[in-house]
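Chains, contacts and geometry: an overview
So the chains spell out like this:
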Amino acid sequence: MATGTDPLIAVEPAGVSVYGVAQHGYSVLEGGVSKATTYDMAIATASLRRSVSIESAMSAASAIVRIKQQKMVDLTDLLALLMQGRAGLPPTSGTSDDKVTVSGLKAKAESVKAKYGVDIYGWKEGRASSGTDEIERQDLEGGLVLLQSAIDENDNQLQQDTLTLQSWVSKRDESFRSASKAMTTILGTGKAVINNIGG
């Protein structure tokens, strides 16, 4: 019977004891070569290998979470700049001062657009950056809506990816517990045999 999804691991019983499980006559395939082992050692080996394969999946999931967290930081930094700009606008629109200059806005907006494809001027076709840190009221308001939507979408994806990562952690921990339990059984059996011989 094969254990896990690793094609290199197979546990094959050679015989069954009175209790239903033989404690010898099992083999574990390692790179296509069969190595004789006990049942407990075969289970421990399979569990440890499963842990290693889960660990690699976890590192990929962890990298995705880190990327989404960095995206969230960049998007919220840009949101803070737009909110700062909104606070600097006159209370009513239609005035000659319907623009505001926000230090660092151009660089941050270009960075977010290049990294994540989120263009605060993309709220309306034909709109584009002035090429400076100055932004008009309508671009600021449209950019805020577009940016908040991007933040919400990223937050939802981040939550799902975090749950996936937590699931991988649980699977890895379970594999380590299985391997540890099998190793404890092996050590207990060996100790009992030594005690019986000495006894």
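All chains use their own residue numbering, which begins from 1 and follows the written sequence. This being a predicted model, a pLDDT of at least 70 is required before a residue's local features are given, and a value of 80 or more before pairs of side-chain atoms are given or counted; all residues contribute to the totals for chains, interfaces and linings. Water and hydrogen atoms play no part in the side-chain values, which are based on all heavy atoms of the structure.

Every helix listed is a DSSP run of H or I at least four residues long, and every strand listed is a run of E at least two residues long, numbered separately from the N terminus. Counting its regular elements, the chain contains 3 helices and 4 strands. If you list the helices and strands of the chain from N to C, you get β-β-α-β-α-β-α. Of the contacts made within the chain by residues no fewer than 6 positions apart, 58% connect residues no fewer than 24 positions apart. Contacts between residues were defined by any pair of non-hydrogen atoms, one from each residue, lying within 4.5 Å.

Here the focus is the pattern of salt bridges. Salt bridge, as used here, is a side-chain nitrogen of Lys or Arg placed within 4 Å of a carboxyl oxygen of Asp or Glu. Taken as a whole and assessed by the stated rule, the structure comprises 12 salt bridges. Asp161 is the partner of Lys68 in a salt bridge, and the nearest nitrogen-oxygen pair spans 2.6 Å. Taken together, the residues Lys68 in helix H1 (residues 39–88) and Asp161 in helix H3 (residues 137–198) connect sequence positions 93 residues apart. Comparing Lys68 with Asp161, the two get one shared label, buried. The closest approach of N and O atoms between Glu134 and Lys99, which form a salt bridge, is 3.8 Å. Residue Glu134 is found in strand S4 (residues 134–136), and its partner Lys99 is found in strand S3 (residues 99–101); the two are separated by 35 residues along the sequence. Counted as one network, the salt bridges with shared partners bring together Asp74, Asp77, Lys108 and Lys115. Relative accessibility decides the category of a residue: with a 1.4 Å probe and only protein chains considered, values under 20% of the type maximum give buried, values over 50% give exposed, and everything between is partly exposed.

This part takes up the nonpolar core. Counting residues in each nonpolar core, the largest one holds 21 residues, and the members touching the most others are Leu82, Leu105, Ile120, Ile135 and Leu147. Put simply, the parts of the chain that give this core at least two residues each are H1, helix H2 (105–116) and H3. Sort the elements by how many residues they give to this core and H1 lands first, with 6 residues. Those residues in contact with Ile135 that lie beyond four places of it in its chain are Leu82, Asp98, Lys99, Val100, Leu105, Ile120, Tyr121 and Leu140. Here the nonpolar core consists of buried residues drawn from Ala, Val, Leu, Ile, Met, Phe, Trp, Tyr and Cys, with membership extended through side-chain atoms lying within 4.5 Å.

We now examine the side chain of Arg172. Relative to the assigned elements, Arg172 resides in helix H3. What qualifies as a polar contact is a pair of N or O atoms within 3.5 Å, subject to a donor-acceptor requirement within protein and to the restriction that residues adjacent in sequence count only when both atoms come from side chains. At 3.1 Å, the side chain of Arg172 and the side chain of Asp173 are in polar contact. In this view, Arg172 contacts Ser51, Ile54, Glu55 and Met58; residues no more than four positions away in its chain are not counted.

Turning our eyes to something else, we now look at the side chain of Asn154. Take Asn154: it is sitting in helix H3. Accessibility expressed as a relative area gives 1% for Asn154, which makes it buried. Here the side chain of Asn154 touches Lys68 through a polar contact of 3.1 Å, landing on its backbone oxygen. Apart from residues no more than four positions distant in its own chain, Asn154 is found in contact with Lys68, Lys71, Met72 and Leu75.

Attention now goes to the environment of Ala46. With respect to the helices and strands, the residue Ala46 is situated in helix H1. Exposure remark for Ala46: the relative accessible area of 11% places this residue in the buried category. C-alpha of Ala46 to C-alpha of Ser178: the two residues are 132 residues apart in sequence and 9.3 Å apart in space.

Another aspect to go through is H2. In this analysis, the expected span of each helix is defined as 1.5 Å times one less than the number of residues it contains. Look at H2: 16 Å from first C-alpha to last across 12 residues, which is about the 16 Å you get at 1.5 Å a residue. Listed as buried for H2 are Leu105, Lys108, Ala109 and Val112. Around the axis of H2, the buried residues are gathered within 100° of arc, so they sit on the same side. Opposite the packed face of H2, turned more than 90 degrees from it, sit the exposed residues Ala107, Ala114 and Lys115. Residues of H2 that are buried make contact with H1 and S4. The arc in question is the one spanned by the directions pointing from the helix axis to the C-beta atoms.

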